Amino acid sequence: MTSKSKVLVSAPLAADLLARIETEYDVIQLPSANVLTAGTAGEYAEVVGWLTTVKQPVNAGILAELPAVRTVSNYAVGYDNIDVPAATGRGVRICNTPGVLDDAVAALTVGAILNAVRGLSRAERFVRSGQWAAGSPFPLTSDVHGKTIGILGLGRIGKRVAPVMAALGMRVIYHNRRPIEGEVPAGAEYVGRAELLAGADVVLLMVPLSPATEGFIGAADFAAMKDTAYFVNPARGALVDEPALVEALRSGSIAGAALDVMAVEPLPADSPLLELDNVTLLPHIGSATVETRRAMAELAVDNLLDSLAGRDPKGAVNE
Ligand code: DGY
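Residues numbered from 1 in each chain as written. Predicted model: local features only at pLDDT ≥ 70, side-chain atom pairs only at ≥ 80, totals over all residues.

### Regarding the sheet that holds strand 8 (residues 189-190)
Strand order in the open sheet made by the seven strands is 8-7-6-9-10-11-12, with parallel pairing throughout. Each of the sheet's edge strands pairs with one partner strand only, and the pair in question is strand 8 and strand 12 (279-281). Examined bridge by bridge, strand 11 (residues 256-259) and strand 12 share three bridges and lie parallel to one another. Looking at strand 12, one finds that Ala257 is bridged to Val279. (Pairing = 2+ DSSP bridges. Helix = DSSP H or I, 4+ residues; strand = E, 2+ residues; numbered from the N terminus.)

### Considerations on the pairing of strand 3 (residues 49-52)
With burial as the criterion, each face of strand 3 is covered, one bearing Gly49 and Leu51 and the other bearing Trp50 and Thr52. Strand direction decides the pairing type here: strand 1 (residues 6-10) and strand 3, joined by four bridges, are parallel. Directly across from Ser10, in strand 3, lies its bridge partner Thr52. In the sheet, strand 3 pairs with strand 4 (residues 71-74) via four bridges, with the strands oriented parallel. The residue of strand 4 that forms the bridge with Leu51 is Ser73. (Buried ≥ 20, exposed ≤ 12 C-beta atoms within 10 Å, placed from the backbone.)

### Regarding the UniProt feature "domain: D-isomer specific 2-hydroxyacid dehydrogenase catalytic" (unreviewed entry) in the protein chain
Listed under "domain: D-isomer specific 2-hydroxyacid dehydrogenase catalytic" (unreviewed entry) in the UniProt record, and renumbered for this structure, are residues 7-318. Across residues 7-318, helical content stands at 32% and strand content at 15%; the span's end C-alpha atoms are separated by 20 Å. (UniProt positions renumbered as here; feature names shortened; annotations may be inferred.)

### Considering the sheet that holds strand 4
The strand order across the open sheet built from five strands is 2-1-3-4-5, with neighbouring strands paired in parallel fashion. Looking along the sheet, the strands with just one partner apiece sit at the ends: strand 2 (26-29) and strand 5 (93-95). Here the strands of the sheet are splayed against their neighbours by 15 degrees on average, with no regard to which way each runs. On the sheet, helix 1 (residues 15-22) packs against strand 1 and strand 2 and is oriented at approximately 135 degrees with respect to strand 2. Sheet contacts for helix 10 (residues 290-308): strand 1, strand 3, strand 4 and strand 5; angle to strand 4, the most-contacted strand, approximately 165 degrees. (Axes fitted to C-alpha atoms, helices over the stretch in contact; angles between N-to-C directions. Contact = placed C-beta atoms within 7 Å.)

### Things to note about the domain arrangement of the protein chain
What the domain assignment lists for the protein chain is domain 1 (6-100 + 291-308) and domain 2 (102-281). Summarising the inter-unit geometry, the C-alpha centres of domain 1 and domain 2 are found 32 Å apart. On the side of domain 2, six residues touch domain 1, which itself brings four residues to the contact. In terms of residue class, the side of domain 1 that touches domain 2 is made up of no nonpolar, three polar and one charged. (Domains from an automatic or database assignment. Nonpolar A, V, L, I, M, F, W, Y, C, P; charged D, E, K, R; others polar.)

### Here's the deal with the nonpolar core
Val202, Val203, Leu204, Leu205, Val232 and Ala257 are the most contacted members of the largest nonpolar core, which has 92 residues in total. There are two domains that each give this core at least three residues, and those are domain 1 (6-100 + 291-308) and domain 2 (102-281). (Core = buried A, V, L, I, M, F, W, Y, C linked by C-beta atoms within 7 Å.)

### What about the packing of helix 1 against helix 10?
For the pair helix 1 and helix 10, the least separation of the axes is 11 Å and the interaxial angle reads 5 degrees. In terms of their interaxial angle, helix 1 and helix 10 are classed as roughly parallel. In this structure, helix 1 contributes Leu17, Arg20 and Ile21 to the contact, and helix 10 contributes Ala297, Glu298, Val301, Leu304 and Leu305. Grouping the amino acids of the contact of helix 1 with helix 10 by side-chain chemistry returns six nonpolar, no polar and two charged. (Parallel < 35°, antiparallel > 145°, perpendicular 65-115°, else oblique.)

### Observations concerning unusual backbone geometry
Here the bond from Glu265 into Pro266 is cis, since omega is -10 degrees, no more than 30 degrees from zero. Relative to the elements of secondary structure, Pro266 occurs in the loop between strand 11 and strand 12. For Ala186, which is not glycine, the phi dihedral falls at a positive 55 degrees. Checked against the element boundaries, Ala186 lands in the loop between strand 7 (171-175) and strand 8. Ala186 gets classed as partly exposed once you count the C-beta atoms within 10 Å, which come to 19.

### Side note on the environment of Ala68
With respect to the element layout, Ala68 can be found in the loop between helix 2 (60-64) and strand 4. For Ala68, a count of 12 C-beta atoms within 10 Å translates into the label exposed. Distance from Ala68 to Val47, taken between C-alpha atoms, is 5.9 Å for residues 21 residues apart in sequence. Every residue in contact with Ala68, bar those within four places of it in the chain, is listed here: Ala45, Glu46, Val47 and Val48.

### As for the environment of Asn233
Residue position: Asn233 is located in strand 10 (residues 230-233). Along the chain, Asn233 and Ala112 lie 121 residues apart, while their C-alpha atoms are 8.8 Å from each other. With sequence-adjacent residues up to four places away left out, Asn233 is seen in contact with Leu205, Leu239, Val240, Leu259, Asp260 and Val261.

### Some details on the environment of Leu299
Mapped onto the elements, Leu299 comes out in helix 10. On a C-alpha basis, the gap between Leu299 and Gly237 in space is 25 Å, while along the polypeptide they are 62 residues apart. In this view, Leu299 contacts Thr97, Val100, Lys314 and Gly315; residues no more than four positions away in its chain are not counted.

Written as structure tokens, this is what we have:
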């Protein structure tokens, strides 16, 4: 009997999905909290495929210890944890899960925008801490209708957020490297980056993280925003100069923020963000619903099996 090739799974997969992989491969399963490094990855030198999460860096050093690996299937749409050129140079196919999480992340993003502008979390803290008393109402917040949302990086998810915010009465402007070709959602108007930063009441960051976009938003950008503006980031923490954001929130050079992502996750207990009341802090939950995580897991398994079998995976980052 010929033995099966081995596949490493360091992502939380349901038993039926693991069983699908096991029909063709021997699965080595690791807890997703178990992050491999150059120096420990060599223990799995025989694996031909690896299904993992964004918490796992995949770089040249780690790949050098996994000489048999042909496919890394990321259980995420983002793949900033992976050195794609290094993988491509090694002939390793990288896969991700585009499409299936767009609606869930868009819904969370709309919630984060409304939470920032209308102060929902602050208002709940106000009630729970017993401050809601006659004669001391919760401070007034701002309307969203009649205001402008500026989307930096209008892609699949931003295209779902835009019509919702337009339906709530917001004007939508956006900035991408180039204007979108074809139909633009919610009549979104293309503007320059400076115009967007200066004109938006809500600045929504939806740019993918790559070496080119690290630190995409910094002190000068916060200074360019209105002091009544809200900054919302459901994308990646490393896109933002976080100390500059803290300073902008502290000094009142912007009104507030909502973050589903931070520079370091989980957010360290001594993060200055935790001392600020004008920022909504969420634990990277954009895609974290039962249905969406299931769809992502199914796609990640399809990608792994398709790629290893020489079929074109639906989510392929490199060719
Ligand atoms: C993604 O899929 O990139 C989400 O941010 C979850 O990590």
